[in-house]
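Structural overview for review
Each chain, letter by letter, is given below.
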Amino acid sequence: MGYSLTYPFDSGVLLSKYKTIKRELLEETRDFTRKKIAILGGSTTADIRKMLDLFLISYGIIPEFYESEYAKFWEDAMFPSEKLTSFNPDIIYIHTSLRNFAQYEHYEQMWEKLRETYHCPIIQNNFEYPYYRLMGNKEATHGRIKEITEMNLKFSDYARAHDSFYICDINWLSADFGLSKWSDPFYWYMYKYALALPAIPTLSYNVANIIKSIYGTNKKAFALDLDNTLWGGVIGDDGAENIQIGQETPEAMAFSEFQSYLKSHKDLGIILNIISKNERENALAGLKRPDSTLTPDDFISIKANWEPKSLNLSQTAQELSLGVDSFVFVDDNPAEREIVRRQLPGVAIPEITSPEHYIYDIDRAGYFEVTTLTADDAKRNEQYKVNAARSELRNSFSDYNEYLKSLEMSAEIKPFEPLYFSRISQLTNKSNQFNLTTKRYSPDEIEAFSVSEQFITLYGRLNDKFGDNGIVSVIIGEICDNNLKIILWLMSCRVLKRDMEYAMMDELIRIAKTKGIRTLTGYYFPTAKNAMVRDFYETFGFTKISEDTTGATTWSLDTDSYAPKQNSIQVNFIK
Amino acid sequence: MLTREEVLNRFNLVFRDVFDDETIIVTDATTADDIEDWESLTHINLILAIEEEFGIKFTMSEVTLMKNVGEMADIVLEKTGK
């Protein structure tokens, strides 16, 4: 037991013990989702599939694979076989390499065909550089190196212009791995592998990271230690003036660069928090040094006390309405890491080594692999900050309704719009707690619901006097004559207890009535995380019509019997 | 210096990992026909695992010419003996 499937993993062990490791992974009891993954290869893909299998299972995704016949990626895409169409993939991974270098149009044509046939996310390798240079350096200006660079730019232009199309950057991976080792031709001649066998786990890990990011299992927050993690030295002993940070010594520079690296994560919507065994005033004194890149304002939660770190971490998680498995815990002390690892399984804990390598140690794991970058991500830290201000305001009111009124809330509750497809898809993939059916949808599927007359779709965006919360709630209902089946209902936990769910239901029923809907059917499918909405439909006066042995329930409501429920949010009011 | 017996013993461990079968015992005469999962694609995993076990690297012609486990052991002994 205990094979590492996160960075740094032992590629040789994963390749030689594939079957044993797979068996052991599947013995773990946890919530797995199942996904169908088509690998369209321009060279042998057998071990790529096996390694992808391991990494995805470790991310909680049990894959079912389709592999094209040897090197038939293009034919499979352009002339869809019965086998692939009936497989109906959730994700298509196109594993091509320099061995498949061709006209750009050849590729674009294929992508277009795949998009219109399967409407699912596509992951496409770009090209690695050749391991030899006919003209030496001239290759960079007049040869293949230049051609490949230009081709890779065209690939990335296509990815920028198309949702649900992702580049697997083997150009970078092969450089990082070592191009000559990556391209060892032994494996090409012997087995028609476009990359060396020892490099395959690295490639598959990279692909698995893209897939887990698409399905919303990225990490969301850092929990950071202070002494010897964010700065050199022990501030309680050495004093704020003597810790290593700034530009004066090599060690201080390494810590400063690490702080900048962490700070950059804020723009990606990653939340920074402190968990440190220190007196609070000492912790703050270190962060308030003028040469500290990170300042107290950069953190959403700062816990500096003498409680066990596992306790502080689970409290932080609770305050932010996140699961502990959304956290990356960074601490230089192996003993602290071990305690948190034992107490809170699911927390990611990088084995950081020495300050100059902290960035490397954390970066390689791909905790925050970005597949969609929405405007909301960049504002996330701001939103968590403002939430803290709201809590303060709440404490100043004795009557909760008075507090809600004082927030001066307004909401936009409307059918899906193209501008929001990727954010809506992201929410269906990320929301676990306030989520009645936990259905995951790609942007393409969201678009399909939006254009179909058979569905009622609604997104909700909530504003208040502190700012814009962004899109926080999504509903999809399927019209069956005069009944509406609510197949998806979710809300971000950022806006719990703000009456937003009431505003959404009021609006849903108003629109449903205009379409002649007489009854609503609601579903609750229990998961490990969504117990908070078990009684959701009951609160709205639905009647329970069935319950199965897993605790899944079905509910019904006559639209005529429903009276609007909320009056603290102004809905669809144009300023 | 490794003995032939040690090499075969270590082969057993590698073969058991790669083919996920704790009962495997190889001899000089063992070939792909004797082990159920030993086909062209698992062969590459076996080669890499043997390379890593002994810290050696096979050439292409060595891999294509070896006919049974005994010949594989010969090459390992030759490469580790240098």
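Anything mentioned here points back to the structure above.
Being a predicted model, the structure only gives us computed values, none of them experimental. (Residues numbered from 1 in each chain as written. Chains lettered and ligands numbered in written order. Predicted model: local features only at pLDDT ≥ 70, side-chain atom pairs only at ≥ 80, totals over all residues.)

**Some details on the sheet that holds strand β9 (residues 327-330) of chain A**
Residue and element names in this part refer to chain A. Reading across from one edge, β8-β7-β6-β9 is the order of the 4 strands in this open sheet, with parallel pairing throughout. Each end of this open sheet is capped by a strand with a single partner; those strands are β8 (301-305) and β9. Here the average twist between neighbouring strands, direction ignored, is 15 degrees. The pairing of strand β6 (residues 221-224) with β9 spans 4 bridges and is parallel. Its bridge partner lying in β9, Ala 221 is registered against Phe 327. (Pairing = 2+ DSSP bridges. Helix = DSSP H or I, 4+ residues; strand = E, 2+ residues; numbered from the N terminus. Axes fitted to C-alpha atoms, helices over the stretch in contact; angles between N-to-C directions.)

**With respect to the pairing of strand β1 (residues 33-41) of chain A**
Residue and element names in this part refer to chain A. Sheet analysis places β1 next to strand β2 (residues 61-67), joined by 7 bridges and oriented parallel. Its bridge partner lying in β2, Lys 35 is registered against Pro 63. Once the chain exits β1 it traverses helix α3 (residues 46-58) before rejoining the sheet at β2, and the crossover so formed is right-handed. Judged from the 5 bridges that link them, β1 and strand β3 (residues 91-95) form a sheet pairing that is parallel. Considered in β3, the bridge of Ile 39 is made with Tyr 93. (Right-handed = clockwise from strand over helix to strand, strands pointing away.)

**Regarding the packing of helix α1 (residues 4-19) of chain B against helix α4 (residues 69-81) of chain B**
All names here are of chain B. Running from amino to carboxyl end, α1 crosses α4 at an angle of 115 degrees, the nearest separation of the two axes being 10 Å. Regarding α1 and α4, the two cross each other, and that crossing is right-handed. Residues Arg 4, Val 7, Leu 8 and Phe 11 of α1 touch α4, and the partners they reach there are Val 69, Ala 73, Val 76 and Leu 77. Partitioned by chemical class, the residues of the contact of α1 with α4 number 7 nonpolar, no polar and 1 charged. (Left-handed = near helix turned anticlockwise from the far one by under 90°. Contact = placed C-beta atoms within 7 Å. Nonpolar A, V, L, I, M, F, W, Y, C, P; charged D, E, K, R; others polar.)

**Section: the environment of Arg 498 of chain A**
Residues and elements named next belong to chain A. Considering the arrangement of structural elements, one finds Arg 498 in the loop between β13 (483-491) and α23 (500-514). The buried category is assigned to Arg 498, around which 23 C-beta atoms lie within 10 Å. Ignoring sequence-local partners within four residues, the contact set of Arg 498 consists of Leu 404, Met 409 and Leu 462. (Buried ≥ 20, exposed ≤ 12 C-beta atoms within 10 Å, placed from the backbone.)

**Some points on the interface of chain A and chain B**
Taken together, the 13 residues of chain A in the interface contact 11 residues of chain B. Those elements that place two or more of their residues in the side of chain A that touches chain B are α1 (11-16), α2 (18-27) and α11 (186-191) of chain A. Across the side of chain A that touches chain B, the residue classes break down as 8 nonpolar, 3 polar and 2 charged.

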